[in-house]
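This is what each chain is made of:
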Amino acid sequence: MDAQLKRGLLDVCVLAAIKSEDSYGYRIIKDMKPYIELSESTLYTILKRLETADMLTVRTAEHDGRLRKYYRITDVGKKRIEDFKDEWKEILSIYQFVIKEDDTLG
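Every value quoted in this text rests on a predicted model; they were computed, and no experiment measured them. (Residues numbered from 1 in each chain as written. Predicted model: local features only at pLDDT ≥ 70, side-chain atom pairs only at ≥ 80, totals over all residues. Heavy atoms only, no water.)

Draft legend 1. Quick peek at the nonpolar core. Membership of the largest hydrophobic core comes to 18 residues, with the highest contact counts inside it found for Val14, Ile28, Leu38, Leu43, Leu47 and Leu50. Contributions of two or more residues to this core are made by α1 (3–17), α2 (25–32), α3 (40–52) and β2 (66–73). When near neighbours in sequence (up to four residues on either side) are disregarded, isoleucine 28 contacts Ala17, Ile18, Ser23, Leu43, Leu47 and Tyr71. (Core = buried A, V, L, I, M, F, W, Y, C linked by side-chain atoms within 4.5 Å. Buried < 20%, exposed > 50% of the residue type's maximum accessible area, 1.4 Å probe, protein only. Helix = DSSP H or I, 4+ residues; strand = E, 2+ residues; numbered from the N terminus. Contact = heavy atoms within 4.5 Å.)

Structural data, given as structure tokens:
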């Protein structure tokens with residue numbers, strides 16, 4: 001898969017994982033696991049990129065005597081999810097065209 005496309009997909013997946021409620025790294029990985037494998041190093045790179053792009057905010061809170069970072073989606077992040085849904089319709093249309101062309105060759 002094209003690296004840029006995959007990067008964009010992973011960004012949206014992480015945003016979707018936190019759109020309903022604040023979350024933290026381990027939980028995000030756990031929530032995404034049924035759909036996609038994601039390493040901690042990849043996740044934290046994505047989280048930093050999304051924070052820099054104002055798509056999420058970070059707060060630190062104590063949990064069981066340790067500090068934990070919690071991530072919250074912003075309005076910019078929610079808009080990115082909505083934009084992705086619109087873009088995906090176009091991608092599906094292109095995919096259908098490609099499949100149609102393959103079917104006529106067979």
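Draft legend 2. Expanded view of the pairing of β2. Note that strand β1 (residues 56–63) and β2 share eight bridges and pair antiparallel. Bridging across to β2, threonine 57 finds its partner in arginine 72. Adjacent in sequence and paired antiparallel, β1 and β2 are bridged by two residues, among which aspartate 64 carries a positive phi angle near 55°. (Pairing = 2+ DSSP bridges.)

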